[in-house]
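Listed below, chain by chain, are the residues.
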Amino acid sequence: MKSSLQSPTTLLTERLSRQGGKLTASERALADALGRDYPHALLESATALAARNGTSPSTVVRLFAKLGYASYAEAQREARGEVTALLQTAGQRAPVTIGTERSLQQCVDDALLHDQHNITATRDGLDMAAFEAIVARIAQSRGRIFVLAQINSAPVAAWLALHLNMCRPGVHELGAGAVAATDQLLWIQPEDTLLVFSIRRYASGPVKVAQRFRDAGAQVLAITDSAAAPLAALAHHRVQVRISNASPFDSYTAAFFVCNALVSAVAQLRHEAVSEALKRRDDLWKDVEAQLIVDEPPGRSGPAGRKPGRKAPNPTP
């Protein structure tokens, strides 16, 4: 399935090569200059680009329209993504992403466009064989599933572990608030599975944990942002997500998209067991969570600011 959006992998240089014969002389001269200094040439405004190349802003606008861009700003976002992909830290990316004047509306639009492109590129490049193997292992394995992420990936991993736990037993998070990873590694068995995130900057911890799983004969499943991630070589199966952003910070929208798809697919394969588990969860919520609210000490509010003894609302489906 291909999205109707222009693929983010269709870069300016590729478009120039396809459209070169249809450009006017002034557009051709500008295109040649862009080709020599892409992507950095697009980090300045259309007016500045025109002045530097001895042409008019209208020529810049016409050229990018012919190349299939909705606007010059869209081409700038593409170029910004190409530059920031080469920079490892938020500090290195800051001058490129926030060094030019943007309105708050442009910040919103930039974030939307980057995330749309991230999801589209991730879906278009998804290795379905690897995705299906990951889903099958999670859904059908009798062993435990350990979910591991560090630093910025941790919220995504926590969301994934929370929802996988509603789909099958034996899901454990190796992260904040969990039993120390070292202690859990004492009992790894071949039927166990590690589902691990590795997004730049790459930490050494997940690599060492993955190696321990492999040494124990267990499987390693990975979600990474690059085939060059150190963890990629240790994974039995791996899917890749795109993380470019309009700010100095990586976007995890595509990572959440992949995790959402994983949970949906696991629930589909285990539909009868999941339906039963969710029914039990609803019953437990009534018996346990509601009682916890009633038992709150006087003067303290229950979950979501409810007063002690107040009847809890129905759980969200």
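Trainee: How should the packing of helix 9 (residues 154-164) against helix 12 (residues 253-269) be read in this particular structure?
Mentor: The packing of two helices is summarised by the inter-axis angle and the distance between the axes. Orientation of helix 9 relative to helix 12, taken along the N-to-C sense of each, is 10°, at an axis distance of 10 Å. Relative to helix 12, the element helix 9 lies roughly parallel. Contacts from Pro155, Val156, Trp159, Leu160, His163 and Leu164 in helix 9 reach Ala255, Phe256, Cys259, Asn260, Val263 and Val266 in helix 12. Broken down by class, the residue content of the contact of helix 9 with helix 12 amounts to ten nonpolar, two polar and no charged.

Trainee: Help me understand the pairing of strand 1 (residues 145-148) in this model?
Mentor: Side chains on a regular strand alternate between the two faces of the sheet. Side chains of strand 1 alternate between two faces, with Ile145 and Val147 and Phe146 and Leu148 buried alike. Pairing geometry for strand 1 and strand 2 (residues 171-174), over four bridges, is parallel. By the bridge assignment for strand 2, Val147 is matched with Glu173. Regarding topology, helix 9 serves as the crossover connection from strand 1 to the parallel strand 2, and that connection is right-handed. Of the strand pairs in this sheet, strand 1 and strand 3 (residues 193-198) are connected by four bridges, and their pairing is parallel. Across the sheet, residue Ile145 finds its bridge partner in strand 3, namely Thr193.

Trainee: Could you clarify how one ought to interpret the packing of aromatic side chains in this entry?
Mentor: How two aromatic rings sit relative to each other is given by the distance of their centres and the angle of their planes. This model, assessed by the stated rule, comprises four aromatic pairs. Judged by centre distance (5.2 Å) and plane angle (75°), the ring pair of Phe64 and Tyr72 falls under edge-to-face. By relative accessible area, Phe64 is classed as buried at 1%. Its relative accessible area of 11% is what places Tyr72 among the buried residues. Through successive ring pairs, a cluster of aromatic residues spans Phe64, Tyr69 and Tyr72.

Trainee: How should helix 9 be read in this particular structure?
Mentor: The α-helix advances 3.6 residues per turn, and as a result positions three or four apart in sequence lie on the same side. Among the residues of helix 9, Val156, Ala157, Leu160, Ala161 and Leu164 are the ones counted as buried. Buried residues of helix 9, seen end-on, are gathered within an arc of 130° and therefore sit on one face of the element. Of the surrounding elements, those touching the buried residues of helix 9 are helix 8 (128-140), strand 1, strand 2, strand 3 and helix 12.

Trainee: Would you explain the side chain of Ser153 in this entry?
Mentor: Structurally, Ser153 can be placed in the loop between strand 1 and helix 9. Once residues lying within four places of it in the same chain are set aside, the contact partners of Ser153 are Phe197, Ile199 and Tyr252.

Trainee: Hey, could you run me through the sheet that holds strand 3 in this one?
Mentor: Reading across the sheet, the five strands line up as 2-1-3-4-5 and stay open at both edges, with parallel pairing between neighbours. In this open sheet, the two edge strands, each paired with only one partner strand, are strand 2 and strand 5 (237-240). Here the strands of the sheet are splayed against their neighbours by 20° on average, with no regard to which way each runs. Sheet strands in contact with helix 8 are strand 1, strand 3, strand 4 (219-224) and strand 5, and its direction is about 120° off that of strand 5.

Trainee: Please clarify how the pattern of salt bridges should be interpreted in this entry.
Mentor: Any two side chains of opposite charge can pair, given that their charged atoms come close. Taken as a whole, this structure holds six salt bridges when the rule is applied. Between Glu27 and Arg62 there is a salt bridge; the shortest N-O distance is 3.7 Å. Here the residue Glu27 occupies a position in helix 2 (residues 25-36), and Arg62 occupies one in helix 4 (residues 57-66), the gap between them amounting to 35 residues. For Lys66, the salt bridge goes to Glu27, with nearest N and O atoms at 2.8 Å. Linking Lys66 in helix 4 with Glu27 in helix 2, this pair joins segments that are 39 residues apart in sequence. Judged by its relative accessible area of 1%, Glu27 is buried. One network of salt bridges, in which partners are shared, links Glu27, Arg62 and Lys66.

Trainee: Before we go on, may I ask you to explain the environment of Ala121 in this structure?
Mentor: Summarising the element assignment, Ala121 is placed in helix 7 (residues 104-124). For Ala121, a relative accessible area of 17% corresponds to the buried category.

Scoring rules and cut-offs
Numbering of residues starts from 1 in every chain and runs along the sequence as written. pLDDT decides what is reported in this predicted model: residues at 70 or higher carry local features, side-chain atom pairs at 80 or more are listed and counted, and totals for whole chains, interfaces and linings draw on all residues regardless. With hydrogens and water stripped out, all remaining heavy atoms of the structure feed into the side-chain values. For helices, the fitted axis covers only the stretch in contact; all axes are lines through C-alpha atoms, and the angles between them, taken along N-to-C directions, range from 0 to 180 degrees. Numbering of helices and strands runs from the N terminus, with a helix taken as a DSSP run of H or I at least four residues long and a strand as a DSSP run of E at least two residues long. Here roughly perpendicular refers to angles of 65 to 115 degrees, roughly parallel to angles under 35, roughly antiparallel to angles over 145, and oblique to all remaining angles. In what follows, a contact means two residues having at least one pair of non-hydrogen atoms within 4.5 Å. Charged residues are taken to be Asp, Glu, Lys and Arg, nonpolar residues to be Ala, Val, Leu, Ile, Met, Phe, Trp, Tyr, Cys and Pro, and polar residues to be all remaining types, Gly included. Partly exposed describes any residue whose relative accessible area lies between the buried limit of under 20% and the exposed limit of over 50%, with all areas from a 1.4 Å probe on protein chains only and scaled to the type maximum. Strands are treated as partners if at least two bridges between them are detected by DSSP. If the strands point away from the viewer and the path from the first strand over the helix to the second runs clockwise, then the crossover is right-handed. Pairing of aromatic side chains requires ring centres within 6.5 Å, counting the rings of Phe and Tyr and the six-membered ring of Trp. Pairs whose planes differ by under 30 degrees are stacked, by over 60 edge-to-face, and all others tilted. Directions drawn from the helix axis to the C-beta atoms are what define this arc. The salt bridge definition used is simple: a Lys or Arg side-chain nitrogen within 4 Å of an Asp or Glu carboxyl oxygen.

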